[in-house]
Amino acid sequence: MHPARNHSSQPSTPGGALKAARVSIMLVSASLASSAVSAAAQVASPAPPTAAALPDAIKQREQELEATRAQQKSSVELQQQLKAEVAAIGQDRSKLNAQLIDVAAQVRTVESRIGDAETRLRPLDAREQQIRSSLDSRRAEVVEVLAALQRAGRRTPPALLVRPEDALQSLRTAILLGSVVPELRARAEVLANDLGELVALRKTIGAERDRLSADRDKLSGDQTRLAALVDERQRKQGDVEKDLESEGARAVTLSKQVDSLQGLISKMEQDLKSAAKAAAAASQQGTPNTADGKPNVGGLKNPSRLSPAIAFVSAKGLLTLPVNGTKIREFGGSDGAGGVEKGISLVTRPGAQVTTPCDGWVVYAGPFRSYGQLLILNAGGGYHVLIAGMGRISVNIGQFVLTGEPVATMGTTSQVASILAASVSQPVLYIEFRKDGTPIDSGPWWATKEGEKVRG
């Protein structure tokens, strides 16, 4: 008897299963065709543009040009908006300080989200690559399973290009309807599981990358706004201190005459007019605690203050690290050169925002020996905070800065010599606290929980 007649005489239920199998076979086999077409496209030489392709290319160029124009228009509008915001601030110092601290906090928040997203993506990308490599290495087995499914359907699959999601659905359907013979079921199920995980990973990765892209766009806008505010702050500072440029040059000259950080601090506060003035102000200022002996954190809400809202000695457990990063060296640990660490070191993102952990007066801002760009704050009460390794500092000597205020940005590589010696190429921020000239452990000052951190 003819095979076709035997097939037509089967009960309706198996016939339905085979019909469903044919559909699933076409889709699964088509996914293999898709891979083959993609691989061939990578090695084949590009075909010359056809008459039909030319209008598409022109349309694509027009779309790219339109996108560029829209981006330029958006940039111009942002600049105009920023100018209006700065003009509205006028001479109100408290408004400018509040804006600086708020926008700097936004920048650091987005930086943190970007870092978290990148951390989540790394294992997802690695797993996706692992699954793809596994499927590629089992190419012969995949072909065998697909061929068996094709024989069950007894029809040549059309040359369709389908998504992995379609291939997964078709394979699951074939298994569910019993179209896969028992000896192939286990192998088909393994293939279906791998495809299922791959599809789920692609969705997760796509969502993560969408959020990451949105955060990067927001970071770019926030950084532009922050740069405009910082420029305005320094312009006004320059109007008040007419000799800032000469003072800065003299500070660098004086820094070359000393070979230690304590020598630098002493030299600045004794020989440099603006630094000496800041040191004098720091020694005269002191904010008392509340009646119950706790620090008066309410003073941090006053953006026009000209002295620390909290006495530095009372700020233990309240300060925020100056930059988002990962700690790689601790106070008291080995410095890698036979000595002991006098501060802590954090690996950061290139261009990361650096903010002040506390209120204080700038007594030095500039390059210093093996520390790269160095910022020294007199926090009052005999305490100094040293921050080094930045790419650019945006405050001047003698300036009073508030907790959370932007003061610098990181570069693209490490600037601290001791870190470079350890073969760490990423940007690294070095932080050191001193009391009456002696390095101390900064650990007790850092907040351990998000809700405990202070900001202006």
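Just so it is clear, the structure is predicted and the values come from calculations on it, not from any experiment.

A.B. asks: Please explain the overall build of the protein as it appears in this structure.
C.D. replies: Across its full length, the protein carries eleven helices and eleven strands. Partitioning the contacts of the protein with sequence separation of at least 6, the portion at a separation of at least 24 is 71%. Summed over all atoms, the accessible surface of the protein reaches about 24,100 Å², with 54% contributed by carbon and sulfur.

A.B. asks: Any chance you could explain the nonpolar core here in plain terms?
C.D. replies: In globular proteins that are soluble, nonpolar side chains generally tend to be buried together. Phe-312, Val-354, Tyr-364, Leu-374, Leu-375 and Met-390 are the most contacted members of the largest nonpolar core, which has 58 residues in total. Examining the composition of this core, we find that six residues originate from one element, strand S6 (residues 383–390), more than from any other. With residues up to four places along the chain from it excluded, the contact list for Val-354 reads Pro-322, Val-323, Ile-387, Met-390, Glu-405, Pro-406, Val-407, Ala-408, Thr-409, Met-410 and Leu-429. One finds Val-110, Ile-114, Leu-201 and Val-230 within the second-largest nonpolar core, a separate group that totals 22 residues.

A.B. asks: For this particular structure, what's the right way to read empty space enclosed by the protein?
C.D. replies: One way to see where empty space is left: roll a probe the size of a water molecule over the atoms. All told, the structure shown has two cavities of 30 Å³ or more when counted by the stated rule. Ile-310, Ala-315, Cys-358, Asp-359 and Thr-403 are the residues nearest the centre of the largest cavity, which is lined by 13 residues in total. Looking at the lining of the largest cavity, its residues break down into eleven nonpolar, one polar and one charged.

A.B. asks: Got a minute to help me understand the environment of Leu-212 in this structure?
C.D. replies: Note on placement: Leu-212 falls in helix H7 (residues 182–240). Owing to a relative accessible area of 4%, Leu-212 belongs among the buried residues under this scheme. In the structure, Leu-212 is positioned 102 residues away from Val-110 in sequence and 9.7 Å away in space, judged by C-alpha atoms. When neighbours within four sequence positions are excluded, Leu-212 is seen to be in contact with Ile-114, Ala-117, Glu-118 and Leu-121.

A.B. asks: What's the story with the sheet that holds strand S9 (residues 406–409) in this structure? I'm lost.
C.D. replies: Hydrogen bonds between backbone atoms are what pair the strands of a sheet, whose relative direction is either parallel or antiparallel. Spatial ordering of the open sheet is given by S3-S9-S7, a layout of three strands whose pairing is antiparallel. Since the sheet does not close on itself, it has two edges, and those belong to strand S3 (353–355) and strand S7 (392–393), each with one partner. Packing against the sheet, helix H4 (residues 93–137) makes contact with S3 and S9, and its axis sits at approximately 130° to S3.

A.B. asks: Whenever I open this one, helix H9 (residues 261–271) confuses me. Can you help?
C.D. replies: Taken together, the buried positions of H9 are Leu-261, Leu-264, Ile-265 and Met-268. Mapping the buried residues of H9 onto a view down its axis gives an arc of 100°, with all of them on the same face.

A.B. asks: Sorry, what's going on with the pattern of salt bridges here?
C.D. replies: A side chain of one charge can pair with a side chain of the opposite charge when the charged atoms of the two come close. Using the criterion set out here, one finds 17 salt bridges in the structure. Glu-118 is paired through a salt bridge with Arg-349; the nearest N and O atoms lie 2.6 Å apart. Of this pair, Glu-118 sits in helix H4 while Arg-349 sits in the loop between strand S2 (344–348) and S3; the two residues are 231 residues apart in sequence, bridging distant segments of the chain. Accessibility expressed as a relative area gives 21% for Glu-118, which makes it partly exposed. We classify Arg-349 as partly exposed; its relative accessible area is 29%. Measuring nitrogen to oxygen at the nearest pair gives 3.4 Å for the salt bridge that ties Glu-128 to Arg-132. Of the two residues, Glu-128 and Arg-132 both sit in helix H4, four residues apart, roughly one turn of that helix. If you follow the salt bridges from partner to partner, you end up with Glu-118, Arg-216 and Arg-349 in one network.

A.B. asks: In this structure, what is going on with the environment of Leu-402? I would like to understand it.
C.D. replies: With respect to the helices and strands, the residue Leu-402 is situated in the loop between strand S8 (400–401) and S9. Looking at Leu-402, the relative accessible area reads 0%, which means it is buried. Between the alpha carbons of Leu-402 and Asp-359 there is a distance of 4.5 Å; along the sequence they are 43 residues apart. Those residues in contact with Leu-402 that lie beyond four places of it in its chain are Asn-97, Ile-101, Pro-303, Arg-305, Thr-356, Cys-358 and Asp-359.

A.B. asks: In this structure, what is going on with the packing of aromatic side chains? I would like to understand it.
C.D. replies: Pairs of aromatic rings are described using the distance from one ring centre to the other and the angle between the two planes. Per the counting criterion, the structure on display carries nine aromatic pairs. Measuring from ring centre to ring centre gives 4.9 Å for Trp-361 and Phe-400, while their planes differ by 55°; the resulting arrangement is tilted. Note that Trp-361 is positioned in strand S4 (residues 360–367) and Phe-400 in strand S8, a separation of 39 residues in sequence. Like Phe-400, Trp-361 is buried. Summarising the aromatic geometry, the rings of Tyr-383 and Trp-445 are spaced 5.8 Å apart at their centres and angled 65° between planes, so their arrangement reads as edge-to-face. With Tyr-383 in strand S6 and Trp-445 in the segment after strand S11 (438–440), this pair connects stretches of sequence that are 62 residues apart. An aromatic cluster is built from Phe-312, Tyr-383, Phe-433, Trp-445 and Trp-446, whose rings are joined through pairwise contacts. The ring of Trp-445 has Lys-316 lying over it, and the distance from NZ or CZ to the ring centre is 4.9 Å. Positioned above the aromatic ring of Tyr-383, the side-chain terminus of Lys-435 is 5.0 Å from the ring centre.

Cut-offs applied
Residues numbered from 1 in each chain as written. Predicted model: local features only at pLDDT ≥ 70, side-chain atom pairs only at ≥ 80, totals over all residues. Heavy atoms only, no water. Helix = DSSP H or I, 4+ residues; strand = E, 2+ residues; numbered from the N terminus. Contact = heavy atoms within 4.5 Å. Areas by Shrake-Rupley, 256 points an atom, 1.4 Å probe, with all protein chains shown as cover. Core = buried A, V, L, I, M, F, W, Y, C linked by side-chain atoms within 4.5 Å. Buried < 20%, exposed > 50% of the residue type's maximum accessible area, 1.4 Å probe, protein only. 1 Å grid on protein atoms, 1.4 Å probe; cavity = no way out; pocket = protein on both sides within 12 Å on 5 of 7 lines; lining within 4 Å. Points joined across faces, edges and corners; volume = space filled by probe spheres on them. Nonpolar A, V, L, I, M, F, W, Y, C, P; charged D, E, K, R; others polar. Pairing = 2+ DSSP bridges. Axes fitted to C-alpha atoms, helices over the stretch in contact; angles between N-to-C directions. Arc of directions from axis to C-beta. Salt bridge = Lys/Arg side-chain N within 4 Å of Asp/Glu carboxyl O. Phe/Tyr/Trp six-rings, centres within 6.5 Å; stacked < 30°, edge-to-face > 60°. Lys NZ or Arg CZ within 6 Å of the ring centre and 35° of its normal.

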